[in-house]
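Spelled out from the first residue to the last, the chains are:
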Amino acid sequence: GAGGGGRVWRGVAGAAVGDGGGGEPRGCVGLSVDGVGGPARQGGRPFGTVWLGFAIGAEVGAVHLRLPGGRQQIRQFAAISLMDQARKRLLDRG
């Protein structure tokens, strides 16, 4: 993760996995989002800081983003970005 975000990365990826999600059959997908929607910094992180977590079959990971805009726009961009990440990973799996 960027700037000491390892703890956040593990938390977001772990939330996506849930209880044993990494060992589930191919059709199981877990997704999670965490971040700072503003209007102020939180935990030393600026608003717009977002982590996307995913678990697709045995693949588990997270993506760090800095998104522009106000709270509602950040939420919308985060949801769109999460669906796009899931789509790309599912397509890569064939």
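This text follows the structure it describes.
> Honestly, unusual backbone geometry in this entry has me stumped. Any pointers?
Glycine aside, residues mostly have negative phi angles, and peptide bonds mostly take the trans form. In this chain, Gly 38 is followed by Pro 39 through a cis amide linkage whose omega measures 10 degrees. Along the polypeptide, Pro 39 turns up in the loop between β1 (29-35) and β2 (49-56).

> I'm lost on the pattern of salt bridges in this one. Help?
Two side chains that carry opposite charge are able to pair once their charged atoms sit near each other. Counted according to the given criterion, the structure contains 3 salt bridges. Across the salt bridge formed by Asp 84 and Arg 87, the nearest N and O atoms sit 2.6 Å from each other. With Asp 84 and Arg 87 both in helix α2 (residues 71-93) and 3 residues apart, the pair spans about one turn of that helix. Judged by relative accessible area, which is 26%, Asp 84 ranks as partly exposed. Its relative accessible area of 43% is what places Arg 87 among the partly exposed residues.

> Would you take a moment to explain the sheet that holds strand β3 (residues 59-66) for this structure?
Across a sheet, strands are paired by hydrogen bonds formed along the backbone, either parallel or antiparallel in direction. A sheet is described by the order of its strands in space; here 3 strands give the open sequence β1-β2-β3, paired in antiparallel fashion. Each edge of the open sheet is held by one strand with a lone partner, namely β1 and β3. Between one strand axis and the next, the sheet turns by 15 degrees as a mean value, whatever way the strands run. Examined bridge by bridge, β1 and β2 share 7 bridges and lie antiparallel to one another. Counterpart to Val 29 in the pairing with β2 is Ile 56. Running at roughly 30 degrees to β2, α2 makes contact with β1, β2 and β3 of the sheet.

> Teacher, can you tell me more about the side chain of Ser 81 here?
With respect to the helices, strands and loops of the structure, Ser 81 is situated in helix α2. With a relative accessible area of 19%, Ser 81 lands in the buried category. Those residues in contact with Ser 81, other than ones at most four positions away along the chain, are Leu 52 and Leu 65.

> Please explain the pairing of β2 as it appears in this structure.
Remember that side chains alternate between the two faces of the sheet whenever the strand is regular. Counting buried positions along β2 yields 8 of 8 residues, so the element is predominantly enclosed. Side chains Thr 49, Trp 51, Gly 53 and Ala 55 of β2 all project onto a buried face; the interleaved residues Val 50, Leu 52, Phe 54 and Ile 56 project onto the opposite face, where all are buried too. The sheet contact formed by β2 and β3 spans 8 bridges and is antiparallel. Opposite Gly 53, over in β3, you have Ala 62 as the bridge partner.

Calculation criteria
- Residues numbered from 1 in each chain as written.
- Predicted model: local features only at pLDDT ≥ 70, side-chain atom pairs only at ≥ 80, totals over all residues.
- Heavy atoms only, no water.
- Helix = DSSP H or I, 4+ residues; strand = E, 2+ residues; numbered from the N terminus.
- Salt bridge = Lys/Arg side-chain N within 4 Å of Asp/Glu carboxyl O.
- Buried < 20%, exposed > 50% of the residue type's maximum accessible area, 1.4 Å probe, protein only.
- Pairing = 2+ DSSP bridges.
- Axes fitted to C-alpha atoms, helices over the stretch in contact; angles between N-to-C directions.
- Contact = heavy atoms within 4.5 Å.

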